[in-house]
Amino acid sequence: METIIVTGCNGQLGRAINKELNGKYELVNTDVFQGEGITPLDITNVDAVVELARKVKPSAIINCAAYTAVDKQESDVDLSYKINAIGPRNLAIASTEVGAKLVHVSTDYVFEGNGTRPYVEFDKTNPVSVYGKTKLAGEEFVKQFAKESFIIRTAWLYGDGKNFVKTMLSLSEKYDEVSVVKDQLGTPTSTTELAKAIHYLLPTQNYGTFHGTCEGDTNWADFTEEIFRIAGKKTKVNHVTTQEYVSKNPQSAPRPAYSILENYMFKLTSDFMFADWHDAIEQYLKELL
């Protein structure tokens with residue numbers, strides 16, 4: 001059985017990857033902290049990364065590790081670059097060293113977010129937040145140092161862990177109404193669907209940059225209403241503008257107003273299709289509630 005190193009195994013995507021690939025590959029789970037069945041690994045330390053890769057000799061490395069606290073990174077620039085840029089560089093160096101494929105997960109934040117049609121993989125990047133800039137730097141390092149790589153940009157991710165869906169459900173327990181932004185567009189994406197896409201690509205040589213989100217699009221306020229509808233919550237959703245939200249939360253980092261990604265490379269090069277976002281959130285909540 002082929003062996004795969006999974007970084008950030010305790011995160012939402014790391015857990016989904018474990019569920020999807022369990023029994024099909026031998027998984028070496030790594031995270032910053034040691035735990036049961038988890039190898040401690042600091043991806044910002046190139047020597048540690050290369051040493052583990054040489055020891056394990058994996059057929060692939062799946063990088064689910066990232067610094068994703070978007071607002072905090074505006075004032076925590078060094079750590080953001082270490083985890084989101086240097087980390088992927090180190091994994092790319094190690095993957096080439098041992099002849100392994102590298103799967104690296106990136107984000108819609110690499111785009112400015114002022115588009116008028118879904119972004120495809122060939123569109124020009126122009127990140128406006130520290131998170132977006134560091135994730136783009138990570139992509140560039142992967143292209144530079146990994147011989148065989150898949151870069152998958154995703155967005156609005158939810159799964160087993162802390163996420164927007166759970167936050168909204170928690171707020172609905174405490175309040176009769178919530179205020180949610182209505183003018184940021186994107187596609188809620190289930191980690192289960194993203195893990196399936198990664199599983200699909202792994203045995204192939206279909207290398208390159210891919211967009212990987214569920215099909216369809218919405219805004220945060222309508223998404224919240226759909227969550228409440230499925231969960232049977234009566235909480236009212238007040239639709240507010242980004243400007244109104246920022247005036248009450250001045251520390252928040254700039255976010256793309258238009259974050260819809262088109263899975264164009266998947267459509268051009270494969271027959272893999274993500275589920276529609278409505279179906280994916282329904283399935284998620286069915287298992288959660």
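Looking at an unreviewed UniProt entry, the protein carries the name dTDP-4-dehydrorhamnose reductase, with the source organism given as Butyrivibrio hungatei DSM 14810. The UniProt entry for the protein carries this comment under Sequence similarities (unreviewed entry): "Belongs to the dTDP-4-dehydrorhamnose reductase family." Under Pathway (unreviewed entry), UniProt gives the following word-for-word description of the protein: "Carbohydrate biosynthesis; dTDP-L-rhamnose biosynthesis."

**Student:** What is the right way to read unusual backbone geometry from this model?
**Tutor:** Most peptide bonds take the trans configuration, and most residues that are not glycine carry a negative phi. Backbone geometry at Lys57 places phi at a positive 50°, although glycine is not the residue there. Within the fold, Lys57 resides in the loop between helix 2 (46-56) and strand 4 (60-63). For Lys57, a relative accessible area of 62% translates into the label exposed. Within the chain, Trp156 stands out as a residue other than glycine whose phi angle is a positive 50°. Relative to the elements of secondary structure, Trp156 occurs in the loop between strand 6 (149-154) and strand 7 (157-158). Judged by relative accessible area, which is 11%, Trp156 ranks as buried.

**Student:** Whenever I open this one, the UniProt feature "domain: RmlD-like substrate binding" (unreviewed entry) in the protein confuses me. Can you help?
**Tutor:** The sites that carry the UniProt feature "domain: RmlD-like substrate binding" (unreviewed entry) are, in the present numbering, residues 3-288. Secondary structure content for residues 3-288 is 41% helix and 18% strand, and the end C-alpha separation is 30 Å.

**Student:** Would you explain the packing of helix 7 (residues 220-231) against helix 10 (residues 277-288) in this entry?
**Tutor:** Axes are the key here: two packed helices are described by the angle between their axes and the distance separating the axes. Where helix 7 meets helix 10, the closest approach of the two axes is 10 Å, and the angle between their N-to-C directions is 45°. Our classification of the angle between helix 7 and helix 10 gives oblique. The chirality of how helix 7 crosses helix 10 is right-handed. From helix 7, Phe223, Glu226, Ile227, Arg229 and Ile230 reach across to helix 10, where they touch Trp277, His278, Ile281, Glu282 and Leu285. Of the residues in the contact of helix 7 with helix 10, the class split is 6 nonpolar, 1 polar and 3 charged.

**Student:** Teacher, can you tell me more about the packing of helix 5 (residues 164-174) against helix 7 here?
**Tutor:** Interaxial distance between helix 5 and helix 7 falls to 10 Å at its minimum, and their mutual angle equals 65°. For helix 5 against helix 7, the interelement crossing comes out right-handed. In this structure, helix 5 contributes Phe164, Val165, Met168, Leu169 and Ser172 to the contact, and helix 7 contributes Trp220, Phe223, Thr224, Ile227, Phe228 and Ala231. For the contact of helix 5 with helix 7, the residue count by class is 9 nonpolar, 2 polar and no charged.

**Student:** Whenever I open this one, helix 1 (residues 12-21) confuses me. Can you help?
**Tutor:** Helical geometry note: an α-helix holds 3.6 residues per turn, so side chains three or four residues apart project in the same direction. Of all 10 residues in helix 1, 7 are buried, a share of seventy percent or more. Residues of helix 1 that are buried: Gln12, Leu13, Gly14, Ala16, Ile17, Glu20 and Leu21. Buried residues along helix 1 sit against strand 1 (3-7), strand 2 (26-31), strand 4, strand 5 (101-107), strand 7 and helix 6 (191-201). Just downstream of helix 1 lies Gly23, where phi reads positive at about 90°.

**Student:** Just checking my understanding: could you explain the environment of Leu169 for this structure?
**Tutor:** As for its position among the elements, Leu169 is in helix 5. Overall, the relative accessible area of 10% leaves Leu169 in the buried class. Separated by 128 residues in sequence, Leu169 and Leu41 place their C-alpha atoms 33 Å apart.

**Student:** Explanation requested: the side chain of Asn29 in the structure shown.
**Tutor:** Counting through the fold element by element, Asn29 comes out in strand 2. We classify Asn29 as buried; its relative accessible area is 13%. Reaching out from Asn29, the side chain makes a polar contact with the side chain of Asn18 at a distance of 2.8 Å. Beyond its immediate stretch of four places on either side in the chain, Asn29 contacts Val6, Cys9, Asn18, Gly37, Ile38 and Thr39.

**Student:** Mind showing me how you'd approach the pairing of strand 1 here?
**Tutor:** For a regular strand, the rule is simple: side chains alternate between the two faces of the sheet. In terms of residue burial, strand 1 counts as a mostly covered element, since 5 of its 5 residues are buried. For the crossover from strand 1 across helix 1 to strand 2, the handedness is right-handed. Relative to strand 4, strand 1 is paired through 4 bridges, and the arrangement is parallel. Bridging across to strand 4, Val6 finds its partner in Ile62.

Rules behind the numbers
- Residues numbered from 1 in each chain as written.
- Predicted model: local features only at pLDDT ≥ 70, side-chain atom pairs only at ≥ 80, totals over all residues.
- Heavy atoms only, no water.
- UniProt positions renumbered as here; feature names shortened; annotations may be inferred.
- Helix = DSSP H or I, 4+ residues; strand = E, 2+ residues; numbered from the N terminus.
- Buried < 20%, exposed > 50% of the residue type's maximum accessible area, 1.4 Å probe, protein only.
- Axes fitted to C-alpha atoms, helices over the stretch in contact; angles between N-to-C directions.
- Parallel < 35°, antiparallel > 145°, perpendicular 65-115°, else oblique.
- Left-handed = near helix turned anticlockwise from the far one by under 90°.
- Contact = heavy atoms within 4.5 Å.
- Nonpolar A, V, L, I, M, F, W, Y, C, P; charged D, E, K, R; others polar.
- Polar contact = N/O pair within 3.5 Å; in protein donor to acceptor, adjacent residues only side chain to side chain.
- Right-handed = clockwise from strand over helix to strand, strands pointing away.
- Pairing = 2+ DSSP bridges.

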